[in-house]
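Coordinate inspection notes
This is what each chain is made of:
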Amino acid sequence: MKILVTGSAGFVGYHLVKNLLNNKKNTVLGIDSINGYYSTKIKKLRIKILKKKKNFFFKKINLQNKKKK
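How each quantity is defined
Residues numbered from 1 in each chain as written. Predicted model: local features only at pLDDT ≥ 70, side-chain atom pairs only at ≥ 80, totals over all residues. Heavy atoms only, no water. Phe/Tyr/Trp six-rings, centres within 6.5 Å; stacked < 30°, edge-to-face > 60°. Buried < 20%, exposed > 50% of the residue type's maximum accessible area, 1.4 Å probe, protein only. Lys NZ or Arg CZ within 6 Å of the ring centre and 35° of its normal. pLDDT = per-residue confidence, 0-100. Helix = DSSP H or I, 4+ residues; strand = E, 2+ residues; numbered from the N terminus. Core = buried A, V, L, I, M, F, W, Y, C linked by side-chain atoms within 4.5 Å. Contact = heavy atoms within 4.5 Å.

1. Some remarks on the packing of aromatic side chains
Tallying each qualifying case throughout the model produces one aromatic pair. Taking 6.4 Å as the distance between ring centres and 70° as the angle between the ring planes, the aromatic pair formed by Tyr-37 and Tyr-38 counts as edge-to-face. Note on Tyr-38: relative accessible area 30%, which makes it partly exposed. Across from the ring centre of Tyr-38, 4.8 Å away, lies the NZ or CZ of Lys-43, which sits over that ring.

Okay, here's the thing in structure tokens:
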């Protein structure tokens, strides 16, 4: 199953992704803005840990950044 998780570097998102990755049939795309709401060091460490799994992919994206038409 292909799964998209927003906020994958946050507390809830990180633990959700970690759990989803236990099933090798799952492919998870995690996105996060890695903003300064709290420690970016912790967020970057979490992403580094998740990237060790072959079925995890990460994109640094801020969903609030959109072009006005």
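From this point, things continue past the structure.
2. Overview of the confidence of the model for the protein chain
Overall, the prediction assigns the protein chain a mean pLDDT of 93, with 97% of residues at 70 or greater. At the low end of the mean pLDDT range in the protein chain sits helix 2 (residues 40–50), at 96; at the high end sits strand 2 (residues 27–32), at 98.

3. Let's talk about the nonpolar core
A general trend in soluble globular proteins is that nonpolar side chains are found buried together. In this structure, Val-5, Val-17, Leu-21, Val-28, Ile-47, Leu-50 and Phe-56 are the most contacted members of the largest nonpolar core, which totals 13 residues. At the level of secondary structure, the elements contributing two or more residues to this core comprise strand 1 (2–6), helix 1 (11–20), helix 2 and strand 3 (56–60). Per-element tally for this core: the top contributor is helix 1, with three residues. Beyond its immediate stretch of four places on either side in the chain, Val-5 contacts Gly-13, Leu-16, Val-17, Leu-20, Val-28, Leu-29, Gly-30 and Ile-31.

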